[in-house]
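Now for the letters of each chain:
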Amino acid sequence: PSNKITIVKDSVITGSMLELYIKEWVIILCPDDFTLYRLQRELRDRSDILYIPNESTEAKKAQSWIDIKNKKYNIIVWNRKILYYNLGAYTNIIYLEDAFGREYFHYPIRIEYIDIFDMLDKQQRFNLRILTSVPRLTTIARFRHFNTEYI
């Protein structure tokens with residue numbers, strides 16, 4: 001896989017910036033619903049994108065699981081919870097790194113999302129791209145074998 005860390009000079013990753021990296025069968029991981037809704041406004045002309053905000057009902061999330069399994073949408077935009085879905089139908093993951101929300105906490109379990117990416121990287125089933133404006137030191141250290149580019 002062609003895994004990369006892309007460090008952007010702007011403080012906000014925009015929809016037009018994402019368009020440069022959107023390929024077929026891509027998952028875009030947002031740090032929060034605010035980012036998801038902003039991307040939804042910026043990429044509103046695309047009909048091949050499924051947006052799944054956190055406030056979705058359980059029925060909507062179940063339907064999304066079926067749609068993901070069946071590759072109904074070319075692009076899926078959600079938060080990091082999608083990593084618990086079966087993503088075998090998708091080959092590209094774009095992670096919008098957020099230096100502030102870097103872990104999932106559900107007492108007594110605390111999971112660093114970067115650990116999940118480390119596991120996915122070792123599986124070599126996905127092309128991973130981490131887009132960030134302020135890279136975390138742990139990201140740079142753990143993924144120093146990734147190609148790093150600056151835009």
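Residues numbered from 1 in each chain as written. Predicted model: local features only at pLDDT ≥ 70, side-chain atom pairs only at ≥ 80, totals over all residues. Heavy atoms only, no water.

Caption draft 1: Just the pattern of salt bridges, in detail. Counting across every chain of the model gives 3 salt bridges. Across the pair R38 and E42 runs a salt bridge, and its minimum N-O distance is 3.3 Å. Separated by 4 residues within a single helix, R38 and E42 lie in helix α2 (residues 33-42), roughly one turn from each other. Residue class for E42 comes out partly exposed when judged on its relative accessible area of 38%. Via salt bridges that share partners, E19, R46 and D48 belong to a single interconnected network. (Salt bridge = Lys/Arg side-chain N within 4 Å of Asp/Glu carboxyl O. Helix = DSSP H or I, 4+ residues; strand = E, 2+ residues; numbered from the N terminus. Buried < 20%, exposed > 50% of the residue type's maximum accessible area, 1.4 Å probe, protein only.)

Caption draft 2: Molecular detail of the packing of aromatic side chains. Within this structure, the stated rule accounts for 2 aromatic pairs. With centroids separated by 5.9 Å and ring planes inclined at 75°, the aromatic side chains of W25 and Y90 adopt a geometry described as edge-to-face. Taken together, the residues span a long stretch of sequence, with W25 in the loop between α1 (15-19) and β2 (26-30) and Y90 in the loop between β4 (75-79) and β5 (92-96) at a distance of 65 residues. Judged by relative accessible area, which is 25%, W25 ranks as partly exposed. Arranged with centres 4.9 Å apart and planes meeting at 50°, the rings of F143 and F146 form a pair that is tilted. Taken as a pair, F143 and F146 share a single burial class, namely buried. (Phe/Tyr/Trp six-rings, centres within 6.5 Å; stacked < 30°, edge-to-face > 60°.)

Caption draft 3: Geometry of the side chain of D67. Counting through the fold element by element, D67 comes out in helix α3 (residues 58-69). No salt bridge forms around the buried D67; measuring N to O, its nearest opposite-charge neighbour K72 is 4.3 Å away. Setting aside its immediate chain neighbours within four residues, D67 contacts L50, K72, Y73 and Y90. (Lys, Arg positive; Asp, Glu negative; His and termini not counted. Contact = heavy atoms within 4.5 Å.)

Caption draft 4: Spotlight on the side chain of D33. Relative to the helices and strands, D33 resides in helix α2. If we ignore the near neighbours within four places in the chain, the residues touching D33 are P53, N54 and E55.

Caption draft 5: Structural view of the sheet that holds strand β1 (residues 4-7). Spatially, β3-β4-β2-β5-β8-β1-β9 is the arrangement adopted by the 7 strands of the open sheet, whose pairing is parallel. The sheet terminates laterally at β3 (49-51) and β9 (147-150), the two strands that pair on one side only. Ignoring strand direction, the axes of neighbouring strands in this sheet form an average angle of 20°. In this sheet, β4 lies alongside β2 in parallel orientation, the contact comprising 5 bridges. (Pairing = 2+ DSSP bridges. Axes fitted to C-alpha atoms, helices over the stretch in contact; angles between N-to-C directions.)

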